[in-house]
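# Examination of the molecular architecture
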Amino acid sequence: MRPGGGRVTTIERDAAKGRIAEENLRKSGLLESVDLQLGDATTVVAEISGPFDMVFFDADRITAPAQLRLLVPKLTRDALVLADNALSHPSEIADYLQAVESLPGFEHLVVPIGKGLSLAYRPEL
């Protein structure tokens, strides 16, 4: 990430966990490469501009479809979109998986590793 000048944006709803994350990033020397946003993910996603090469959903599976809709216009052409727990919480993540499947131009599969990883990729044409 550093050699290419990349940045990571991460969203944490819990302020106490956000402080722990910030301290860990500071200790590791990575804080200057990470934009740590505190708050409701859907609200934050609506406000940040992007562009994003990769998105990883690893928390609230219920609001992920709304966040995905907000993020799609902010993705680079060859974006990668990942979501954890694609197999372990089928009823919670069903709407997200349906939303990903309907994204135009994306290829999607669920990899049966761990709790299941949803992987969607939009190849650059």
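A brief structural summary. Residue positions are counted from 1 within each chain, in the order its sequence is given. Since the coordinates come from a predicted model, pLDDT governs what is reported: local features require at least 70, and pairs of side-chain atoms require 80 or more to be given and counted, while whole-chain, interface and lining totals use all residues. To obtain the side-chain values, all non-hydrogen atoms of the structure were used and water was disregarded.

## Quick notes on the pairing of strand 4 (residues 75-84)
Defined as follows: At least two DSSP bridges between two strands are required for those strands to pair. The way it works is that DSSP assigns letters per residue, a run of H or I at least four long becomes a helix, a run of E at least two long becomes a strand, and they are numbered from the N terminus. With its strands directed away from the observer, a crossover is right-handed exactly when the path from the first strand over the helix to the second travels clockwise.
Sheet topology note: the strand 3 (residues 52-57)/strand 4 ladder contains 5 bridges and is parallel. Its bridge partner lying in strand 4, M54 is registered against L80. Note on the crossover from strand 3 through helix 3 (residues 64-71) to strand 4: the handedness is right-handed. As judged from the 5 bridges shared by strand 4 and strand 6 (residues 117-121), these two strands associate in the antiparallel manner. Its bridge partner lying in strand 6, V81 is registered against A120.

## Describing the packing of helix 3 against helix 4 (residues 90-101)
Selection rule: Fitted lines through C-alpha atoms serve as axes, helices being fitted only where they are in contact, and the angles separating the N-to-C directions of these axes extend from 0 to 180 degrees. With respect to orientation, any angle under 35 degrees is reported as roughly parallel, any angle over 145 as roughly antiparallel, any angle of 65 to 115 as roughly perpendicular, and every other angle as oblique. The contact definition used throughout considers only heavy atoms, calling two residues in contact when any of these lie within 4.5 Å. Note on residue categories: nonpolar means Ala, Val, Leu, Ile, Met, Phe, Trp, Tyr, Cys or Pro, charged means Asp, Glu, Lys or Arg, and polar means any other residue, Gly included.
The contact between helix 3 and helix 4 brings their axes to 8 Å, and the two run at 25°. What the angle tells us is that helix 3 and helix 4 run roughly parallel. Contacts between helix 3 and helix 4 involve A64, P65 and L68 from the former and D95, Y96, A99 and V100 from the latter. Residues of the contact of helix 3 with helix 4, tallied by class, amount to 6 nonpolar, no polar and 1 charged.

## A look at unusual backbone geometry
We count it as follows: A simple rule labels every residue: compare its accessible area, found with a 1.4 Å probe on the protein chains alone, to the largest value its type can have, and call it buried under 20%, exposed over 50%, or partly exposed in between.
The step from G50 to P51 runs through a cis peptide bond, and the omega angle for that step is 0°. Tracing the backbone through its elements, the reader meets P51 in the loop between helix 2 (41-47) and strand 3. Notably, N85 is not glycine yet its phi reads approximately 65°, a positive angle. Within the secondary structure, N85 sits in the loop between strand 4 and helix 4. Overall, N85 belongs to the buried group, its relative accessible area being 8%.

## Considering the sheet that holds strand 6
One open sheet holds the 4 strands; their spatial order is 3-4-6-5, and the pairing between them is mixed. Strands at the two margins of the open sheet, each flanked by one partner only, are strand 3 and strand 5 (107-111). Direction aside, neighbouring strands of the sheet carry axes that sit 15° apart on average. Taken strand by strand, helix 3 contacts strand 3 and strand 4, and its axis lies near 175° from that of strand 3. Along the sheet, helix 4 makes contact with strand 3, strand 4, strand 5 and strand 6, crossing strand 4 at roughly 155°.

## Focus on helix 3
Our working rule: When we speak of the arc, we mean the arc of directions from the helix axis to the C-beta atoms.
All of the buried residues in helix 3 are A64, P65, Q67, L68 and L71. One side of helix 3 carries all its buried residues, which in axial view fall inside an arc of 160°. Where the residues of helix 3 are buried, they touch helix 2, strand 3, strand 4 and helix 4.

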